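Topology and contacts: notes
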There are 4 protein chains.
Amino acid sequence: MVTEPNNWGRFGPDDQRGTLNLLTPEVVLRALGSARTGRVVSLSMPIRDRGVPHLRGRPLPQHFMALDGGDYAAGMRPIGAGLRVADDALVVSHHGTTTHMDALCHMWEGDELYNGHPAARVRSYGATRCGIEQAGGVVARGVLFDVPAHLGLDHLPASYRISASLLEEIHADVLPGDVAVIRTGWPLTWERSPDEYWSGQPGLSADAGRWLAARDVAAVASDNAAIGGLNARQLADEDLADDLHLILLHRHGIHLIEMLWLEELAGVRDFVFVAAPLRIEGGTGSPINPLAIV
Amino acid sequence: MVTEPNNWGRFGPDDQRGTLNLLTPEVVLRALGSARTGRVVSLSMPIRDRGVPHLRGRPLPQHFMALDGGDYAAGMRPIGAGLRVADDALVVSHHGTTTHMDALCHMWEGDELYNGHPAARVRSYGATRCGIEQAGGVVARGVLFDVPAHLGLDHLPASYRISASLLEEIHADVLPGDVAVIRTGWPLTWERSPDEYWSGQPGLSADAGRWLAARDVAAVASDNAAIGGLNARQLADEDLADDLHLILLHRHGIHLIEMLWLEELAGVRDFVFVAAPLRIEGGTGSPINPLAIV
Amino acid sequence: MVTEPNNWGRFGPDDQRGTLNLLTPEVVLRALGSARTGRVVSLSMPIRDRGVPHLRGRPLPQHFMALDGGDYAAGMRPIGAGLRVADDALVVSHHGTTTHMDALCHMWEGDELYNGHPAARVRSYGATRCGIEQAGGVVARGVLFDVPAHLGLDHLPASYRISASLLEEIHADVLPGDVAVIRTGWPLTWERSPDEYWSGQPGLSADAGRWLAARDVAAVASDNAAIGGLNARQLADEDLADDLHLILLHRHGIHLIEMLWLEELAGVRDFVFVAAPLRIEGGTGSPINPLAIV
Amino acid sequence: MVTEPNNWGRFGPDDQRGTLNLLTPEVVLRALGSARTGRVVSLSMPIRDRGVPHLRGRPLPQHFMALDGGDYAAGMRPIGAGLRVADDALVVSHHGTTTHMDALCHMWEGDELYNGHPAARVRSYGATRCGIEQAGGVVARGVLFDVPAHLGLDHLPASYRISASLLEEIHADVLPGDVAVIRTGWPLTWERSPDEYWSGQPGLSADAGRWLAARDVAAVASDNAAIGGLNARQLADEDLADDLHLILLHRHGIHLIEMLWLEELAGVRDFVFVAAPLRIEGGTGSPINPLAIV
């Protein structure tokens, strides 16, 4: 039984953008006011085929050079009078391998995506409903919930589930259209040991998800891999009613942004959050390099 | 003979960011002031394997669904109590196929990249000098040079090369750290006929490139495929001294952003320009979805 | 209305190999006797990203070097005391782009694959029925139908459909378990002009397909792209009852091998035909390099 | 110091095929005589993204369905009157991940490949010397050295290095043009534990490599990953003079075939060995499905 109303009524029957619709021009202009120093910080991890936090078993990005300086060193002729060029290709499955944003077609229950769009429209040639190309860019106020700092920890333990009251304690003043940025610190464990990283993950509790949805955030972003927590088999433990992806993405149309690198934001409370997912037609999400303008 | 000094002196001997260094916190804060209405516009084309402007012969992006709604329609069991998920992968060679930003390792002459970095460091496993992961995010004032509108045309003809004086006529007040956004209108020809799109491309003249470099722009962005113009064989006609990539990218460290979609910006003079290249380690560039905050 | 019985009765209800079951040890041993000179000829085209016959709009193979001699020329350190290595990756969509063999899951009508296997088992993670890994290797007598040579032509015209009586005229003595190798000569047009290659393709008529099926061939192989002919839109003109893929692959379980290069077999009547599809689990086919032992 | 003469004198200064040149028509005809029962056995492992023996850290094959039965179950319209089709793509880096054959450009020392071909010709766009497309098909007598069976073991231990005298004991009668097929049984450890599989690998000793080279075998094939043995870091322990790839591939032009599945050949002494590498232009090798005709 679904306990949350979805956004159908609020955004109209054809809505494929969910709460990104909250990013009206007024909200965007207000958000720009959160920049105080003008420092721009990347919140993404590098895209690499080794040595970066990722979910076990997922295919890591592959980066191929189609032309490079080595070819010229080996005697390849330049173009025309001497132009030299490097070219490359990227193969990427972003979920679980790098910083990315989920499309509204990424998860659902039953036969319908967010807002009643038919799941049967998500096919091998892409999603013709709720694909990431529908999302548009995110320009919003980012509100940092630095949970481990609040608790005096380097990072949360794997089994920690963040409660709504803790979120409220940290940041009672979340506004509609804000992006809630949840720091767990979990990526710090990767350096110590990939096995520790894979032992589970801390994340939001279901009531924290509902608390954020009730505050009409435009998106929820976190440095963990699934917004909610994960067990040692890298699965969510919640049942369907309490699953964080279903609460946020499926029922409320709240875009999720995962696997951020938030370690450069220590001490920051709010900032301008910008994310621009690639317009991959029919994509279930996109690798992104979110920026914080502090 | 190279006639331009490069940026070596200005940004220091190890600089791998070029003019993006001009995006100091002060410049960023000033740029945010260019947003007037708060409207956010995507300046990218969709990422697709057909039906989009691209250079002939380049491998178009491939998008594969690793799991989709069709699988559930066919009887695939959901995860746990009923969670359904769609997953995908993207294979992309961004140069010439989609909206993208060039890294400083993308083009050079001789044995050195921008700022004397050895071209021999650009190898099959990626560029360990001047890769796109060095660039960081672009938050700047975008200054639109809508050349066809200025000339009363829908789009420039293929052989048109934009002069410095025309740029000056349109926008004399370019400031250091601005992103010069050059509209040629050429993507409009694609709809009429891919063959027309492939017949050549309008672009900047060498003196226009030098004029922009002299004004210390942070980046040059255009809706054509190569900033400079192209002939019918999709090559630049300039010699090495006058090649636009060499003038801008190689000698001045000015990042180039190509294959934009600028048709939504009619009538806009300046705006906040945001581009966040994926942090592909060693990449020669990145597909991007640049945003204009108008 | 389907007019042909399928192979259900002959090979048993679980059969996923179709007529390759005809390749019993006895048939294989007999086939080896067709080698007279011991000359081994490759019947495949090169795998390349340009300059090879392919169906328009299909994604050509991409070949990336992950490590190469250029890297060492550029100063990369060898392994240990001096071992140097080159490594690569291949991205290939074989249908329509290179010499390949179709799995029995490649085409069907209604809801069932060959032999009643449910089409719903062909999912994003591969076909769990009738995938190419079920096929096994082909070692058979190849019987060459050199149609243009028989007619005194270099190659058949695009609209030519080969009749059963013509096949019978060329080779009345086809035996159960033989591979029928149909030369149209169409790949010769590619060199003259890709546009001519794309103007249509000659191929088998429906009655020729039925004639071959009635003779219990193990597979049908051709130098065209679809066994049957194609129109200028690269589609088959036959209705469902007469579609060559449905007659051969779907109803009779006859594996199809397409886009061969047969120009080296002039004057040969029969030979040992060997094809070893990669054991791609759940694959709809495989790129192959078929060998003729003449 | 290199102690073996290479094949330069024997096969001529332009030779890019090495000992595959030994597969003259006469040798091929003689080899076909090794088939006694007509049983055809695949010697390859399945191509999969999980659950198969592979070297740790290598990118496993990725198989994507571009169109499948799920799409039709979800309501996708068939082609024309009802034709349904499944299509797919494969991304594969064959070395270390699946059954494959090495090209002569795969390994070398110094600046020259096998037979003095310049290593600088192995570039990002492929090897223009000694690429796998030069190899052609292998049709030869396969001679099985079932080392663990000879020693009364299930499989050799990781540190075992097979001596020349042991090879001689098992099969003194190797002939020029034979393919030496070396069974170590090591893939059996995978089922027990991937970690055991990764703890090292048994393989040929340098003197065994020289013994085979002196007998003019056309190729050496094994069920291990590198013909020679590997330590726990998945590297060869031999110095350059004794490295198995350098002895066989580099100095003698003997093609190597690795990661076979040989468990179906128990009790067989010789057979027809067929391998048909894909004609990947400039490739460093190819995934293959070698066949044994017993």
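The structure reproduced in this document is the subject of the present report. Numbers given to residues run from 1 along each chain, matching the order in which its sequence is written. Numbering of ligands from 1 and lettering of chains from A proceed in the order in which they are written. Totals for whole chains, interfaces and linings use all residues, but because this is a predicted model, local features are given only for residues with pLDDT of at least 70 and pairs of side-chain atoms are given and counted only at 80 or more. As a convention, hydrogens and water are excluded, and side-chain values are obtained from all of the structure's heavy atoms.

Of regular secondary structure, chain A possesses nine helices and 17 strands. We take the radius of gyration over the C-alpha atoms and set the globule estimate at 2.2 Å times the residue count to the 0.38 power. Whereas a compact globule of 294 residues would reach a radius of gyration of roughly 19 Å, chain A reaches 20 Å, a difference of no more than 12%. Based on the C-alpha atoms only, the size of chain A along its principal axes is roughly 65 × 45 × 40 Å. Three exposure classes are used, based on accessible area relative to the maximum for each residue type with a 1.4 Å probe and protein chains only: buried under 20%, partly exposed in between, and exposed over 50%. Looking at chain A as a whole, 66% of its 294 residues are labelled buried. Put simply, of all contacts in chain A between residues at least 6 apart along the chain, 78% involve residues at least 24 apart. Split by element, the accessible area of chain A, about 9400 Å² in all, is 52% carbon and sulfur. Numbering of helices and strands starts at the N terminus; helices are DSSP runs of H or I of at least 4 residues and strands are runs of E of at least 2. Residue contacts are defined here by distance: any two heavy atoms, one from each residue, within 4.5 Å place the two residues in contact. All accessibility values rest on the Shrake-Rupley procedure with a 1.4 Å probe; residue burial counts only the protein chains present in the view.

A separate point is the interface of chain D and chain C. Each partner contributes to the interface: chain D provides 76 residues, whereas chain C provides 76 residues. When two parts are brought into contact, each loses some accessible area as probed by a 1.4 Å sphere; the total of that loss over both is the buried area. Taking both sides of the interface into account, the surface hidden between chain D and chain C amounts to around 6000 Å²; carbon and sulfur atoms contribute 63%. Salt bridges are defined as contacts in which a side-chain nitrogen from Lys or Arg sits within 4 Å of a carboxyl oxygen from Asp or Glu. Linking chain D with chain C are four salt bridges, by the criterion used here. Here C:Glu281 and D:Arg48 are joined by a salt bridge, their closest N and O atoms 2.7 Å apart. Any N or O atom pair separated by 3.5 Å or less is treated as a polar contact, with the protein-specific requirement of one donor-capable and one acceptor-capable atom, and with residues adjacent in sequence counted only for side-chain atom pairs. Linking chain D with chain C are 30 residue pairs in polar contact (both at pLDDT 80 or more), by the criterion used here. In terms of residue class, the side of chain D that touches chain C is built from 41 nonpolar, 21 polar and 14 charged. The rule for pairing is simple: two strands pair if DSSP sees at least two bridges between them. Summarising the sheet, strand β4 (residues 87-92) of chain C and strand β4 (residues 87-92) of chain D pair through three bridges and their orientation is antiparallel. In the sheet register, C:Leu90 faces β4(D), and the bridge partner there is D:Val92. Three residue categories are used. Nonpolar comprises Ala, Val, Leu, Ile, Met, Phe, Trp, Tyr, Cys and Pro, charged comprises Asp, Glu, Lys and Arg, and polar comprises the others, including Gly.

Time to look at the relation of the copies chain B and chain D. The copies were overlaid with a least-squares fit restricted to C-alpha atoms from residues scoring a pLDDT of at least 70 in each copy. Of the two same-sequence chains, chain B is brought onto chain D (RMSD 0.0 Å, axial shift 0.0 Å) by a rotation of 180 degrees. The relationship between the two copies is best expressed as a two-fold rotation axis. Relative to the rotation axis, the C-alpha of B:Gly70 is the closest in chain B, positioned 2.0 Å from it. Residue by residue, 100% of the interface of chain B is reproduced at the interface of chain D, so both copies engage with the same surface.

By the element assignment, A:His94 lies in the loop between β4 (87-92) and β5 (100-102). By relative accessible area, A:His94 is classed as buried at 3%. A polar contact is formed between the side chain of A:His94 and the backbone oxygen of A:Gly285, at a distance of 3.3 Å. Excluding residues that lie within four positions of it along the chain, A:His94 makes contacts with A:His100, A:Met101, A:Thr284, A:Gly285, A:Ser286, A:Pro287 and B:Asp88.

What follows covers the pattern of salt bridges. It is possible for side chains of opposite charge to pair when their charged atoms get near one another. Scanning the model with the defined rule gives 53 salt bridges over all chains in all. The closest approach of N and O atoms between B:Glu196 and B:Arg192, which form a salt bridge, is 2.8 Å. Residue D:Asp178 pairs with D:Arg30 through a salt bridge whose shortest N-O separation is 3.4 Å. Taken together, the residues D:Asp178 in the loop between α5 (164-170) and β11 (179-183) and D:Arg30 in helix α2 (residues 25-32) connect sequence positions 148 residues apart. Given the relative accessible area of 38%, D:Arg30 is considered partly exposed. The structure contains a network of salt bridges with shared partners spanning A:Arg30, A:Arg36, A:Arg141, A:Asp178 and A:Asp270.

In this section: the interface of chain B and chain D. Taken together, the nine residues of chain B in the interface contact nine residues of chain D. In total, chain B and chain D occlude about 650 Å² of area from one another, counting both sides; carbon and sulfur atoms represent 69% of this. It is B:Phe64, B:Gly70 and B:Ala73 that lose the most area in chain B upon contact with chain D, and together they represent 49% of the buried surface on that side. Summed over the shared surface of chain B and chain D, the result is zero salt bridges. Taken together, the connections running from chain B to chain D amount to zero residue pairs in polar contact (both at pLDDT 80 or more). At three residues, the largest contribution of residues to the side of chain B that touches chain D is made by helix α3 (residues 69-73) of chain B. Within the side of chain B that touches chain D, the residues separate by chemical class into five nonpolar, two polar and two charged.

A word on the packing of aromatic side chains. Any Phe, Tyr or Trp ring, taking Trp's six-membered ring, that has another such ring centre within 6.5 Å forms a pair; planes under 30 degrees apart are called stacked, those over 60 apart edge-to-face, and the others tilted. Using the criterion set out here, one finds 22 aromatic pairs over all chains in the structure. Judged by centre distance (5.7 Å) and plane angle (80 degrees), the rings of A:Trp190 and A:Trp198 are edge-to-face. An angle of 85 degrees between the planes, with centres 5.6 Å apart, marks the rings of C:Trp190 and C:Tyr197 as edge-to-face. The pair formed by C:Trp190 and C:Tyr197 is uniform in burial state, with each residue classed as buried. What links up through ring pairs into an aromatic cluster is the set A:Trp190, A:Tyr197 and A:Trp198.

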